[in-house]
Amino acid sequence: MRSGPVVHAEPIDTARLDLLPLRVEHAPEMAAVLADPALHTFIGGEPGTPQALRSRYERLVAGSPDPAVSWCNWVLRLRDADRLTGTVQATITDRGDTAEIAWVVGTPWQGRGLASEAATALVGWLRKQGVRTIVAHVHPDHHASAAVARSAGLSATPEQQDGEVRWRL
């Protein structure tokens, strides 16, 4: 086992996407990507303003206040359109052995397999970093997100947390 902060977001490329480490400057474009209230059906909350997202990104980019936890966040850039389309993230704990991941793709780009492509690339990258356990939480009625978890190699467990099914690799 390793000790201390162990993992930092690095660029990841897939067939169609560039997963770019999150920067505060991504906030205005991402506010538009995440503006559809339907994106919050299963996760709660509401779309953030560009200013609110900028503040959130400032906190995320600064990193976890706990030196034993790494926050890795990426925006998804659809290469052929040269535009941001969503995010993936990983919170890495247990001295680098465990990551909790999440993903979101803006409504106009859903149904194209982009979330699956990004999540699969993220899981592969995490495995190369030595992460052994990867977890995601998916609302039981969010079938598209369950399909993303499955395509990334995770399996549903009987465990639930805050009404969401725990998926694990």
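As shown above, the structure is provided for reference.
A brief look at the structure comes next. These numbers come from a predicted model, not from an experiment. (Residues numbered from 1 in each chain as written. Predicted model: local features only at pLDDT ≥ 70, side-chain atom pairs only at ≥ 80, totals over all residues. Heavy atoms only, no water.)

## What to know about the overall build of the protein
And step 1. Helices and strands together make up the secondary structure of the protein, namely 4 helices and 8 strands.
And step 2. Ordered by position from the N terminus, the helices and strands of the protein form the series β-β-α-α-β-β-β-α-β-α-β-β.
And step 3. Relative to the compact-globule value of 15 Å for 169 residues, the protein shows a C-alpha radius of gyration of 15 Å, a close match.
And step 4. In terms of overall dimensions, the protein has C-alpha extents of about 40 × 35 × 30 Å along its principal axes.
And step 5. When burial is assessed residue by residue, the protein has 43% of its 169 residues classed as buried.
And step 6. When contacts within the protein are restricted to residue pairs at least 6 apart in sequence, long-range pairs at least 24 apart make up 62% of them.
And step 7. When the accessible surface of the protein is summed, it comes to about 8,800 Å², and 52% of that surface belongs to carbon and sulfur atoms.
And step 8. Taking the average location of the 17 positive side-chain charges in the protein and that of its 19 negative ones, the two points are 5 Å from each other. (Helix = DSSP H or I, 4+ residues; strand = E, 2+ residues; numbered from the N terminus. Rg over C-alpha atoms; globule rule 2.2 N^0.38 Å. Buried < 20%, exposed > 50% of the residue type's maximum accessible area, 1.4 Å probe, protein only. Contact = heavy atoms within 4.5 Å. Areas by Shrake-Rupley, 256 points an atom, 1.4 Å probe, with all protein chains shown as cover. Lys, Arg positive; Asp, Glu negative; His and termini not counted. Charge placed at Lys NZ, Arg CZ, Asp CG, Glu CD.)

## Overview of the layout of surface pockets
And step 1. Put simply, the second largest pocket is a space of about 260 Å³.
And step 2. Forming the boundary of the second largest pocket are 18 residues, of which His-8, Leu-60, Val-61, Gly-63 and Trp-71 lie nearest the centre.
And step 3. Contributions of two or more residues to the lining of the second largest pocket are made by helix H2 (50-62) and strand E3 (70-78).
And step 4. Top contributing element to the lining of the second largest pocket by residue count: E3, with 4 residues. (1 Å grid on protein atoms, 1.4 Å probe; cavity = no way out; pocket = protein on both sides within 12 Å on 5 of 7 lines; lining within 4 Å. Points joined across faces, edges and corners; volume = space filled by probe spheres on them.)

## Concerning the nonpolar core
And step 1. Core analysis: the largest hydrophobic core is formed by 48 residues, its most contacted members being Trp-74, Ile-101, Trp-103 and Leu-126.
And step 2. For Ile-101, the residues in contact, after removing those within four places along its chain, are Gln-89, Ala-90, Leu-122, Val-123, Leu-126, Ile-134, Val-135 and Ala-136. (Core = buried A, V, L, I, M, F, W, Y, C linked by side-chain atoms within 4.5 Å.)

## Brief notes about unusual backbone geometry
And step 1. Phi is positive for Asp-82, close to 50 degrees, though the residue is something other than glycine.
And step 2. Relative to the helices and strands, Asp-82 is located in the loop between E3 and strand E4 (83-93).
And step 3. Judged by its relative accessible area of 55%, Asp-82 falls in the exposed class.
And step 4. A positive phi angle is found at Asp-162, which is not glycine, with a value near 50 degrees.

## A look at the sheet that holds E3
And step 1. Pairing is mixed across the open sheet formed by 8 strands, whose spatial order is E1-E2-E3-E4-E5-E6-E8-E7. The two strands at the open ends of the sheet, each matched to only one other strand, are strand E1 (12-13) and strand E7 (155-161).
And step 2. Pairing of strand E5 (residues 98-105) with strand E6 (residues 133-138) involves 3 bridges; the strand directions are parallel. When the bridges of E6 are listed, Glu-100 appears paired with Val-135. (Pairing = 2+ DSSP bridges.)

## Description of the packing of helix H3 (residues 114-128) against helix H4 (residues 143-151)
And step 1. Between H3 and H4, whose axes approach to 8 Å, the crossing angle comes to 35 degrees. Judged by the sense of rotation from one axis to the other, the crossing of H3 with H4 is right-handed. In this structure, H3 uses Ala-115, Ser-116, Ala-119 and Thr-120 to contact H4, whose residues at the interface are Ala-147, Val-148 and Ser-151. (Axes fitted to C-alpha atoms, helices over the stretch in contact; angles between N-to-C directions. Left-handed = near helix turned anticlockwise from the far one by under 90°.)

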